[in-house]
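# Structural characterization, general
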Amino acid sequence: MENNIRICCAQLNFTVGDLKNNTEKIIAGIEKAKKLGVDIISFPELAIAGYPPEDLLLKNSFIEENIDKLKYITKFVDDIVVVIGFVDKQEGNIYNSAAIIYKKKIRDVYHKMFLPNYGVFDENRYFKQGNETIVFKFGEAIFGVNICEDIWWKDGPVKKQALAGANLILNISASPYHAGKIQERELTICEQARDNSVAIVYTNLVGGQDELVFDGQSMVVDTKGKIKNRGLAFEEDYLVFDLPIKNLEVKKVSEKVVVIEKKFSFKSKDVLSKRDIKILEPAAEIYKALTLGLKDYVEKNNFKKVVVGLSGGIDSAFVGTIAADALGKENVTGVFMPTRYSSSESETDAKSLAHNLGIKFLHISIEQIYKIYLMVIEPYFLGLQKDIAEENLQARIRGNILLAFSNKFGWLVLTTGNKSEMSTGYATLYGDMAGGLAVIKDVPKTLVYKLAKYRNSLGLVIPERILTKEPTAELKFGQKDKDTLPAYEILDPILKSYVEEDKDVDEMNTDKTIVSKVIRMVDKSEHKRRQSPPGIKITPKAFGKDRRMPITNKYSIVN
């Protein structure tokens, strides 16, 4: 019989600040691993606290309780090695840490050495940097433990632990998703394994946390840099696998080593079923991210149902579809609120969508309310041409109605603005921007269409006319998006260059007049974005923590 170490990646969905339930989930995971004959189980980064805990880390009571929970967990650890992410505190400093537990004792604690402080990360704000690598001798295996960012650095802890004698690396992570991230991650981890002749077991967090989505997709990589096993994408998973001892290179231990007394008897274990998990295609990957992000935001914030303003357009149709898929059709209400400018086609399309999804549909005309608004303000606008002021009244009336339903029934309002609109300010403050979650805030308009077509390929729900008709806000007769914005096929690449890549005008291969117009729109709309609801991050640079521009700002790259 081949001598193997059985290892488990507990790819689980934890909630920030829910120390009690996070702890119970960890204990349940340990008990499950025992029944499966697992020798080593690893949980994600900051599993006890949840990631990212942000300014909860400034509360001493939070730190102390998370340490107490770790001590409680140790009571359930017998003949199995458990690696758990938690917040450690020593001499007044706190550390992003991993505890290595065996037979009811914390054998040692590793402190994260590379603290990310870019994009959505602020770890230098809270944590002190670790400065010590440790390796653990566990039977015939010598393993090192490190945390998330540590594995991205070529001369970082992986190399040091390998030189210290480690032939196996356990990395516990909370690596947030954006499109293309899994490919970057796999390339880095495979290179580290190959360059350092170590097997790598990578355990990633899964689930939604405010704007962030963690995709899971844990992995096992052999010493040649080949992926041997994968965890599920955007789902909880126990990735259990047998690592042959003979495949681990024997190295001389030259640094601090913690010996965990273990003599493998290599008793017969149940044969593990073969896993064949494929990488998702880009559209499927993004759609799953949005669905999980919405589901967790709603449920972790104690909502049960949501309400969406359906206009008959692509954005609201897509948001309504994601909501039905994420929460169940019985938990979604769509509200169509026409005025004199709403077309009969829009009503037909909104009704068809609701019918296809099986969600509740409400028709509430706001024409009379709109007339009263116009009548009230008419004396003050006398002699002035009608413009955006009158147009936006409609959006704000709709926002009021949706929020009234929210107050009365406890429904969360989902806003429907996409990244193209949020970038250029093509949205009404306190109108269509009013709500609790901006589901597609980080999804450019052209991508909305692609994702909608992908969803229809799984089962037709979005009416074909919604996908083909020209976009319009329908706030005045004959209005089209193209009256205000460049065509989305032109606009979105400009926005990607300026917002996500910080390029100058000369670096964009587009008409400079159009580029300058778009940049001015983006720059002057910062105050709107700052007041918009959080949105689910699916690009490398989303609005919010990724991009922090001052509202009061006189600098511009255009005249």
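Quick note: structure is the one above.
Conventions used here
Residues numbered from 1 in each chain as written. Predicted model: local features only at pLDDT ≥ 70, side-chain atom pairs only at ≥ 80, totals over all residues. Heavy atoms only, no water. Phe/Tyr/Trp six-rings, centres within 6.5 Å; stacked < 30°, edge-to-face > 60°. Helix = DSSP H or I, 4+ residues; strand = E, 2+ residues; numbered from the N terminus. Buried < 20%, exposed > 50% of the residue type's maximum accessible area, 1.4 Å probe, protein only. Lys NZ or Arg CZ within 6 Å of the ring centre and 35° of its normal. Core = buried A, V, L, I, M, F, W, Y, C linked by side-chain atoms within 4.5 Å. Contact = heavy atoms within 4.5 Å. Pairing = 2+ DSSP bridges. Axes fitted to C-alpha atoms, helices over the stretch in contact; angles between N-to-C directions.

## A short note on the packing of aromatic side chains
According to the stated counting rule, one finds 15 aromatic pairs in the structure shown. With centroids separated by 6.0 Å and ring planes inclined at 25°, the aromatic side chains of Phe405 and Phe409 adopt a geometry described as stacked. Separated by four residues within a single helix, Phe405 and Phe409 lie in helix α10 (residues 388–409), roughly one turn from each other. Looking at Phe405, the relative accessible area reads 16%, which means it is buried. The ring centre of Tyr238 lies 5.2 Å from the NZ or CZ of Lys32, which sits over that ring. The ring of Phe543 has Lys419 lying over it, and the distance from NZ or CZ to the ring centre is 5.8 Å.

## Things to note about the nonpolar core
By size, the foremost hydrophobic cluster in this structure holds 52 residues, and its most contacted members are Leu290, Leu294, Phe318, Leu414, Val439, Ile462 and Ile538. Contributions of two or more residues to this core are made by α6 (282–300), β16 (306–309), α7 (314–327), β17 (332–336), α8 (344–357), β19 (412–415), α12 (445–458) and α13 (464–468). A total of ten residues in this core trace back to one element, the largest contributor, which is α6. Residues within four places of Val439 in sequence aside, it is in contact with Leu290, Leu294, Val319, Ile322, Leu414, Thr415 and Ile536.

## Quick notes on the sheet that holds strand β7 (residues 141–147)
Spatially, seven strands are ordered β13-β12-β9-β8-β7-β6-β15 in an open sheet, and the strand pairing comes out mixed. Each having just a single partner strand, β13 (227–230) and β15 (257–260) make up the two edges of the open sheet. Averaged over all neighbouring strand pairs, the angle between strand axes comes to 20°, with direction disregarded. For β7 and strand β8 (residues 168–173), the ladder comprises five bridges, and the chain directions are parallel. Bridge pairing in β8 places Val145 opposite Leu170. The strands touched by helix α5 (residues 181–196) are β9 (199–204), β12 (219–221) and β13; relative to β12, the strand with the most contacts, the crossing angle is about 30°.

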